[in-house]
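Chain and residue survey
Spelled out, the chains give:
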Amino acid sequence: MAQSDIMIVDDNPANLKLLEDMLSQQGHEVRSFPLGRLALAAAMNNPPDLILLDINMPEMDGYTVCQRLKSTERLADIPIVFLSALNDTQDKVKAFRSGAVDYISKPFQFEEVHARVETHLKLHDLQRTLKLQNERLEAAVAARTRELAEANQRLTILDRSKNEFLNLISHEFRTPLNGLLGVGELILDEMPATEESRELQEMFQESRRRILSILDDALLLTEIDVNGEQFKAGPVSLHRALSLAIGRAAEFATLRRVTLTTPEPDNVLVLGNEELLVRALHALLETAVKFSEEGQAVRLSRDVVSDPPVLAIETYGGTIPGPALAKFFDLFSIGEAITPGGDLGLSAPVACRILSLFGASVSVANLDPSGIRLTISLKSAGTD
């Protein structure tokens, strides 16, 4: 073991000399003191690695010296081993209570002193190493915490900038877009009423609806990601939300020659924000319409008795290819058209994000022989 600094405190010169010689021969640096106050001053100036301390000494006994050492922050960790002729149990207990790590009775054998000194020096060295490692770990954790806080702050700024940018783009798009759409409507209105012009009108209205829908959906997705906590949840009438959603999807369904069934009224309340819940249901209804064949109906059914309340939307028509089923609600994961009604756009991801805000969820499955089922699990808020 590397050389250690050992302090011996004993009013008996013979004991001091004997211990000093024996420990020095083992390669340790030894400092000897006959009085406790001298040892305290020397330890404060240059803390040792270990202290061998007698109990019965003039001016200040070993118990007091030990207590003074343990009450001083920079000296409190030094291991103290008592060397004493006092062999009563109460003396040993008092020594340990004052802060000692060991107790050796006089007369002592050097082999015992050497063994215990080496043991406590090793323990002290391990404790210092562990303390140093803990301090380094705490410093590393603190530095990493600062880095993460700074990164989070940067991400917050970037999210805010992204939101502001998308709002700006949406506004800038809408201004010239409204001009283009207005001119397009005027031109189409001036065209003769023919089958060709009717098809162009339908194509124009579909493109107009899709462009505006993508802008609105992109902005809403960004708003949910950046400021999702601003959308407060409360009790919402499921029947009212569903009726409003059906009303909004009716025009799109009519264009696709698909009908929407209307469920029976109920007084069930679900947790959410009415406008957002209507928007999510509207998006899912339009998704269902896209999977429906012309002349078919989108069927709605509810299990309001179960907890949570469950709403099912079923179609007859197209199904979802296997590879696309698992990523049906992922943003931009399905780029190709997989429905009779064209590509899905952002409707499904928007609905999924909205529902997750309020602890609700939506899943999709293929029906046999053809069609899909959208299952919406909502969080109950009681009844009216």
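In this report, we go over the structure that sits alongside the text. Predicted model only: the values in this text are computed from it and were never measured. (Residues numbered from 1 in each chain as written. Predicted model: local features only at pLDDT ≥ 70, side-chain atom pairs only at ≥ 80, totals over all residues. Heavy atoms only, no water.)

1. Quick notes on helix H7 (residues 238-255)
Its 18 residues give H7 an end-to-end C-alpha distance of 26 Å, which sits within 8% of 26 Å, the value for a rise of 1.5 Å per residue. At Ala249, H7 shows its largest bend, some 40°. Taken as a whole, H7 has its buried residues at Leu238, His239, Ala241, Leu242, Ala245, Ile246, Ala249, Phe252 and Ala253. Downstream of H7 by a residue or two, Arg257 has a phi angle that is positive, lying close to 60°. (Helix = DSSP H or I, 4+ residues; strand = E, 2+ residues; numbered from the N terminus. Expected span 1.5 Å × (residues − 1). Bend = angle between axes of the 7 residues up to and from the residue. Buried < 20%, exposed > 50% of the residue type's maximum accessible area, 1.4 Å probe, protein only.)

2. Topic: the sheet that holds strand E2 (residues 29-33)
On the basis of which strands lie adjacent, the open sheet formed by five strands has the order E2-E1-E3-E4-E5 and parallel pairing. Each edge of the open sheet carries a strand with a single partner, namely E2 and strand E5 (102-105). Pairs of neighbouring strands in the sheet enclose a mean axial angle of 20°, with direction left out of account. Sheet topology note: the strand E3 (residues 50-54)/strand E4 (residues 80-84) ladder contains four bridges and is parallel. By the bridge assignment for E4, Asp54 is matched with Leu83. (Pairing = 2+ DSSP bridges. Axes fitted to C-alpha atoms, helices over the stretch in contact; angles between N-to-C directions.)

3. Remarks on the sheet that holds strand E11 (residues 361-366)
Read from one edge of the open sheet, five strands run E7-E9-E10-E12-E11, paired in mixed fashion. This sheet does not close on itself; its edge strands, each paired only once, are strand E7 (259-260) and E11. Relative to strand E9 (residues 297-303), E7 runs parallel, the two sharing two bridges. Bridge pairing in E9 places Thr259 opposite Ala297. Packed on one face of the sheet, H7 meets E7, E9 and strand E10 (310-314) and runs near 170° to E9. (Contact = heavy atoms within 4.5 Å.)

4. With respect to the packing of aromatic side chains
Within the structure shown, the criterion is met by four aromatic pairs. For the ring pair Phe82 and Tyr103, a centre distance of 6.5 Å and an interplane angle of 40° mean the geometry is tilted. Pair noted here: Phe82 is in strand E4 and Tyr103 is in strand E5, with a separation of 21 residues, a long-range link. Assessed through its relative accessible area of 7%, Tyr103 is described here as buried. On the numbers, 6.1 Å between centres and 50° between planes, the contact of Phe291 with Phe328 is tilted. Taken together, the positions of Phe291 in the loop between helix H8 (274-290) and E9 and Phe328 in the loop between helix H9 (322-325) and helix H10 (347-357) put the pair 37 residues apart, joining distant regions of the chain. For Phe291, a relative accessible area of 0% gives the class buried. Given the relative accessible area of 2%, Phe328 is considered buried. Aromatic ring contacts, followed pair by pair, group Tyr63, Phe82 and Tyr103 into a single cluster. (Phe/Tyr/Trp six-rings, centres within 6.5 Å; stacked < 30°, edge-to-face > 60°.)

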